[in-house]
Amino acid sequence: MNPETPLRGEKAIRKKQPSKGWLVVSRFFQKYSYFFAKIGVSLLTLTLTTILLFFLLRLIPGDILEIYALKLQNQQGISYERAYELAKQLLNFDPSENVFLAFFHYVGGLFRGQLGNSYLETNVSANSLIATRLPWTLFVSTVALIISFLLGTTIGCYAAEKRKGFLEKLTSGYVAISGSIPDYLMALLLVIVFAYTLNWFPAQGNYDSFSVEPGFNFPFFGSVIYYSFLPILAYALVQTGTWILQMRGSTIGVLGEDFILAARARGLSDRTIRRKYLRRNALLPLVTMFGVSFGNLFGGATLMESIFNYPGIGLEISSRIVNKDYMVVQGLIFFSAAMVILVNLIVDMIYPLIDPRVRKN
Amino acid sequence: MKNVVKALVLGLVTVLASCAPSGSGSSESSHGSNKDNSFSMVTSWTSSGLVNHYDSNTSCEAFNYFVVEGMYRYVRSTDEVFCQLAAELPTQSKEPLVNFKATIGDDAYAYYAGQGITEIPVTTAKIRDDAKWQNGEAFLAKDVWAYYYIIHPTSSNYMAGVKVVDDKTVQYLWNPLKEPSDQAKLLLIAQDKSGTVKYDEFASYVDTVYRLVMASPINQDTNLWGAFNRFSTDEQISQLNITRSAFYEYSPSWYIATGPFKLKTFTATQILLVKNDFYWNASQIGFEKIKLYSSNDLNQTYQLIKKGYVSYYDGFIQQDVLQDLIDSNPELVNLKMYDPGSIGINFNISKPLFTLKVRQAFQYIFNREEIKNAANPYATTSYYPLMGMAESEAKTYMSETHFDALPKYSFDQEKAAQLLTEEGWDKQSDGWHANGALVSLKLGAPASHDISATAAEAAAATLNAFGIKTDLLISSNFYGTAADSNQYDLTLEWSDLNMSFSYPTGSYSQFASVYSRWIKVERYASNYPDTQKAGSVKLTFDGLDGDTKDYEFAEYLNTFYSIQGEQLRYLVDVFNTGLANLSLGIQLFQNVTASTINVGQVKGVPLEDKWSVNRNVSYVPAVGTEDFYAVARTNLVFATNYLFEFGTYQPNN
Amino acid sequence: MKEKASKLNLWLKSLSLSLKDFFFRVGVLGKKLFSNYKTILGTSIILLYILVAIFGPLIFPYNQEINMVDKYLMNSWTHPFGTDWLGRDVFRQVIAGAGSVLEIAFFTAAFSVVFGTILGIVAGYLGGWVDKVIMSVANIFLSIPAFPVYLLLAAVIVISSPIQFALVISVFSWAGLCRAIRIQVMSLKERDFLQICLVMRMSKAHIIFKEIMPNVFSYIAINFVTALRNAIMASVGIMLVGLAAYDPTNWGAIINAARTKGLTNVNNIYILLYPLVAIVIFEVATLMVSNGLDETFNPRLKEM
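Here is a short report on the structure shown in this document.

1. Thoughts on the overall build of chain C
- Tallying secondary structure elements over chain C gives 12 helices and zero strands in all.
- What you see in chain C, going N to C, is helices and strands ordered as α-α-α-α-α-α-α-α-α-α-α-α.
- A burial count over chain C gives 46% of its 304 residues as buried.
- Taking the intrachain contacts of chain C between residues at least 6 apart in sequence as the baseline, contacts between residues at least 24 apart amount to 71%.

2. Observations regarding the interface of chain A and chain C
- Across the contact, 43 residues belong to chain A and 43 residues belong to chain C.
- Looking at the side of chain A that touches chain C, the elements with two or more residues in it are helix H3 (33-59), helix H8 (166-180), helix H10 (218-255), helix H12 (270-297), helix H14 (313-322) and helix H15 (326-354) of chain A.
- A per-element tally of the side of chain A that touches chain C places H3 of chain A first, with 10 residues.
- Here the side of chain A that touches chain C is built from residues that sort into 28 nonpolar, 12 polar and three charged.

3. Topic: unusual backbone geometry
Residue and element names in this part refer to chain B.
- Here the phi dihedral of asparagine 37 falls at roughly 50°; this positive angle occurs in a residue that is not glycine.
- The residue asparagine 37 is located in the loop between helix H1 (2-25) and strand S1 (38-42) in this model.
- Taking the C-beta count within 10 Å as the criterion, asparagine 37 has 17 such neighbours and is therefore assigned partly exposed.
- A positive phi angle, close to 60°, is found at asparagine 229, a residue other than glycine.
- Topologically, asparagine 229 is positioned in the loop between helix H7 (199-215) and helix H8 (234-249).
- A tally of 26 C-beta atoms within 10 Å means that asparagine 229 is categorised as buried.

4. Brief notes about the packing of H15 of chain A against helix H4 (residues 128-143) of chain C
- Axis separation between H15 of chain A and H4 of chain C bottoms out at 9 Å; the angle between their running directions is 135°. On the basis of their axis angle, the class for H15 of chain A and H4 of chain C is oblique. Our pair here, H15 of chain A against H4 of chain C, has a crossing hand that is right-handed. Facing H15 of chain A, whose interface residues are Ala337, Val340, Ile341 and Asn344 of chain A, H4 of chain C presents Asn139, Leu142 and Ser143 of chain C.
- For the contact of H15 of chain A with H4 of chain C, the residue count by class is four nonpolar, three polar and no charged.

5. Some remarks on the packing of H7 of chain B against H8 of chain B
All names here are of chain B.
- At a closest axis distance of 10 Å, the pairing of H7 and H8 adopts a crossing angle of 160°. Accordingly, the angle class assigned to the pair H7 and H8 is roughly antiparallel. Crossing angle aside, the handedness with which H7 passes H8 is left-handed. Contacts between H7 and H8 involve Phe202, Tyr205, Thr208, Val209, Leu212 and Ala215 from the first element and Gln236, Gln239, Leu240, Thr243, Arg244, Ala246 and Phe247 from the second.

Rules of the game
- Every residue gets a number counted from 1 within its own chain, in the order that chain's sequence is written.
- All chains are assigned letters beginning with A, and all ligands numbers beginning with 1, in the order in which they are written.
- pLDDT decides what is reported in this predicted model: residues at 70 or higher carry local features, side-chain atom pairs at 80 or more are listed and counted, and totals for whole chains, interfaces and linings draw on all residues regardless.
- Strands are runs of DSSP state E lasting at least two residues, helices are runs of H or I lasting at least four, and both sets are numbered from the N terminus onward.
- Counting other C-beta atoms within 10 Å of a residue's C-beta gives its exposure: the residue is buried at 20 or more, exposed at 12 or fewer, and partly exposed in between, where C-beta atoms are placed from the backbone.
- In this description, any two residues whose backbone-derived C-beta atoms lie within 7 Å of each other are considered to be in contact.
- Three classes are used, and their members are as follows: Ala, Val, Leu, Ile, Met, Phe, Trp, Tyr, Cys and Pro are nonpolar, Asp, Glu, Lys and Arg are charged, and the others, Gly among them, are polar.
- Axis angles are defined between N-to-C directions and span 0 to 180 degrees, where every axis is a line fitted to C-alpha atoms and, for a helix, only to the segment in contact.
- Roughly parallel covers angles under 35 degrees, roughly antiparallel covers those over 145, roughly perpendicular covers 65 to 115, and oblique covers all other angles.
- Working rule for handedness: look at the near helix, and if it is turned counterclockwise from the far one by less than a right angle, call the crossing left-handed; if clockwise, right-handed.

So far we have only geometry, and geometry alone does not tell us how the molecule works.
Here it is, written out as C-alpha cells:
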C-alpha cells in the first residue's frame, strides 16, 4: 500500500479538521464571546443612532437660507433680498443636495475622522469645537461629579444605617428640597448670594481674559479655578442629593441581606461591616448610574452653562441646533452619543469583574 | 479616600487664597467714577472662529459701534447723516457721460448713449486727509472702490460705477436710467461700511471680481436691478462665488478696520477693544478700553447693569425691573426713543375663517391700551390696522388728508360681536361657532422677544374671555419657520417694521419679504416671466381722489428711491390706504426702545436737563425736535459711533 | 335539584370565605401601611393635592383676563399670593394649574417606571438576544438628546392632552431606570434564593413578582419620585418649544416666566416661590410615602 494515499476514513477525518490558525482564533473568540458580543451591540447602537440623528435633523423643517438671511438682514441692516443673496454666497452648503448622498458623504467623512464642518463659520468644525469647548465642560462637570459622588455615597451610607437621628433628618430634608428645586434655580441662588451680594466670586465666564493670558502660567490657572468655583459648587450641590438618595436606597436593600445579619452575628464591628460589606455591595448598582452620568457629561448641561455663561459644549450644541448648523451638531451629538455608548460598554465590561454574580456561565 | 479628599480641599483653598486677589483685582469698575477709562457693554457675537475682517462669517454687533466705519453713516429712525471717513458731506452734480467712459466700461457707455443719455449723475466725496487704517497706513479712495466692486451692497444696484479720482477723492456714478433722489443717494451710501476692504490686503480677490463684473453683460431690462447694472452669466456667477467664498474665508493677520477702537482679545465670553492711536481724532478719544461681555441670561445682564459693570445697555427693560435698577444704582439713566416699528397681530388669511369682515371685526376686540401697558408701558398705542409702516412714519410721509382718512378702530367688543354675527358667526355657551363648528385658533409668538410674548399672553387672554378659544403657542425656535409653514392662525410680533433708513421702501420691503409670508398673501411664482414681479407679493391698490389707475405693489417697490416730492407722497398715500383697507393685521402699539447709560462712568450724555431731574426719563421726544435727534444718537444700534467719534462721550473720572 | 342547590351553596360559601380572607389580608396590609407615620402624612398630603386639583378650580375659579391696574400686588385677603405682571391672581393660578401638573407628572412617572421596570426585568431575567435588543433600544434613547426630537415633533403635532404629554416626556426617561434594574436583576438571578426557586420550578411570574420585585422596590420608588420632578421641568421645556400650548397656570411655567422676567424685581421672586414651594411639598410627600412603603415591606430594616 502506498503510504501517500490516505485510507478512506482518514481522508474524511482530515477534511473535517480545521487548520491550526483558525482553531486559535475561534477559541479566542469563544473565550471572550461575552465581550465581543457587547462590542458588537455597541457598534450596532452607534450606527443606528447615527442614522437616526442624521435623518432627524434633516426632517426638522425650516429653510436654512431663510433663517440665515433674516439674521444677516437684522445684523447688517440690508434688504431681505440682498441678505438672501449674501446668505447663498456665504453658506458653503447646498440645501438641495440629495439626502442620501449627503449621508454617504457624512459617513465617509466620519471614517476620515472629520466629524462635520460648520456651514455658518468657515474655519469651525465639530473637531475644533470639541477641542476648544469640551475641556471646559469636562473640567467643571467631572470635578463636580466626583465630589458629589463621593460625598453623596458616603452620606447616603451613613444615613441609611442610622435610621433615626439628626443627621438622617437633615439629609432627608436636604435631599427632598434639592431634588425638587430645578437645578438652574439653585445655580441662580448661588450666583445671587455669592457673586452679587457678597462679591466673593465672579458671576459668569470661565476666566478673566482682560487680565490674564491663556497658557501654562500660574495667573491663568488661578483665574480658571477662581471662575470655576461657583459652577462646580452649583453642579455638586444639585447632584449630591441624587446620589444620597440612590445610595441610601441601595444600602437599605443591602442592609436587609442575610450576610449582613450573619456578619453581625459573628460579632464584627459596625465599622468593619460598613467598610467591607455594606458600602461595596451598595455601590454596585450605583456604578452603572455613575457610568451613565459620566457619559452624559459629554453632552454638556445647557441651562447651567447658560446661567454661568460658561463656554462649554452644551451651550454650543443648543445654539447651533437653533441655527440649523446640521453638520456640526451631528458631529457633536455623535461624539456625545459615542462617549455614552463607550462608557456604558466599559461599565458593562467591568461590572462582571466587580460583581462576580453577574458573570455569564 | 477621605485623606485624598482632605488633601484636595486643602490644595484648592490654598490656590484660591493665593490667586483670589489677582482674580478680582482686574475687575471692572464698580460704583463710582470710571477708574480705568473703559466703556463696557453687553452684546453678542459668533463666538467660535475669528476671521479678521468684517465681511466674513464672524459677526459681532458691537464692531459696528466701535471698530468699523464707512464714508458716511445714517442714524436709524431719524435719518441724520454724519461723516465718518469722509471729510464733509458729498456734492451732487451732473457731468457729461463721456468723461466716465473708462470707469463704467465701453459697453455701458454705448448702452446709455444709445438711450439718448448725455449726462450722468455724480456724487463726489472727499476722504479725510488724516484717515488711516488701524495699522497706520493711509485710507485711500482705492479702498472704497475695492469695497463696492467686491461687496455689491444695495446701493450698487443703482450705480453705474465708482471712480477713483485721486488718493482722497471718490466719485459715485449713478445709473442715469434709475437715478435715485438726492436724499436717497446720500442715505444709500450712508449704509455702506466702505472702510472694511483694504485694497492691498485683498488685491487678488478684488481684482478677480472686478474683472468678472466688468466682463458681465450690461442689463437691458429697466425693470431689473443688479450691481452696476450688469448681470453675470452662469459661468461667471460660479466663478464669482468661488472667489467670494475664498474672500470671506481669508483671515488677515490683523482685523481690517478704521474705527476709533481696535480688536485686542477675542474669546467666547469676553472681547477687549483698545484705543486706536492712528485714528484721525485720537486726541479726542478719552476711552482707553472697550470691554464687551456676553450674557445668556437676562438676570445676569440686569445684575451687571445694577452693579455698575456695564456703561451702556441697549434695549427695552421691563418697567418694574427698570424702576428697581434706577432705584438701586444712582448713576443709571434710561432714555427712550421711538423704534421704527409697530407690534401687532397678523392674520393668516389662507384660513377661510378670516374673511375681510371677520378681520375687521377682530380689530374691535382688543383693548390695545391695556395690552400696550402689559407689554411695554412706554410705547404709544396705535388704533390703526397694518398699513405698511409705523404710525410716526406714516404721519411723516403721508399727506395730511389721507392720513386722517385712514381707517381707525377702537376698543368696542359689542361692535365686534355685531360684525361677527353679521358674518354668520354664532355665540353659544361654550364659545363662538362658525360654519357649524367651534372656533379654535392658534396664536403664535416668539419666546425670545419678551414684548411680543407678554403681549401675546394678554391677547390670548382677551380672545378667550371674549369667547373665541385660543391656544397660545410660544416658540423659542423656528418661530418664523412655523409661521411660514402654516401652523398659526394669528401671529403676534412686528406688524410693520423698518430695518433700514426711514425711506418708505424700508418697511414696505420688510412687509414684502417677511410679514407677507406669514400672512400668506398671494405671491407670484418664482419663475414668473416678468422677472421684476417673480416671487413678489401680488397686491394691487386703487388710485385715490378719482384716480382710476391701478398701482401694483411689486412694480413700484424697487423704484421708490427714484421718486420724490409730491409723487412720493401720493404713492405712499395709495399704498398705505390700500393696505389699511385690507385689514391684514392689527397694529397694537408703536414700539419704544431705550438706552440705559451709567452716567457715573460716561460724561457727555445728552438730555441732561431731563435726566438730572428724573433718571427714568419717560419723555419720548416727538418726531423732528432737537431732542428727537439727540436721544437717537445715544442708542448705539441706531447711531453707531457718533458720540465717540467727535469726543462727545468721555470717561467720567 | 337538591344537589345543584347544595353545590351552589358550597360555591357561595367558599366565595364568601375567600372574600373574607381577601379583606382580612387587605386589612392587615392597611394596618401595616398606616402604622407608619410617614406613610400617613405623605399620603394625606397627596390626597390633599388631589382634592385641590379637582375641587379647587370650582371654589376659586381662575379668571385669565389681564388687569393692569392690579399689577404686582402683594399678598392680601383677596389675593393670598398677590398678583403677577398681568394683574392675574397667583393663588388661583396655582390652584388651576394643580390639575394638569399632577396629571402630567403622575402619568409620566408611571409610564417611565412601568416601561423601565418591565423592560429591565425582562432584559435582565431572560438575557440572550432579548436582552441585547432591549439594551440597544435603551442606549439609543440615552444617547439621542431630547431637544431636537421635541423640535421635530413641534412641527408635526401639537400636544393636546396630558396623556400625550406624559408619553412624550417618558419616552426619554425610561432608559436609565431600565439599565439599572437590568443589572440588579442580573445579579439577583445568580443568588441562592433564586436558584432555589428555579429548582423548585416556581412559575416565572411568581419569581418576578414575589422575589425580584421587593428587592428592586426601593429603587423603583426613588426613581418614581425623581421622575415626577423631571416631568414638571420637562413640560416647561416642551411648552417653550411650541410643542404644546403655553399654559400659564403650569407651575413650572410660572417659575420659568418669573425667572425670565427678571429676579431683580422682588415681586418676581415671590411669584416664583409659591409654585416652587408647592412642588417641593409635593415631592417631599411622595418621598415620605416611598420611605414609608420601604419600611413596611422591608421589615428587617426596622430591627436595625
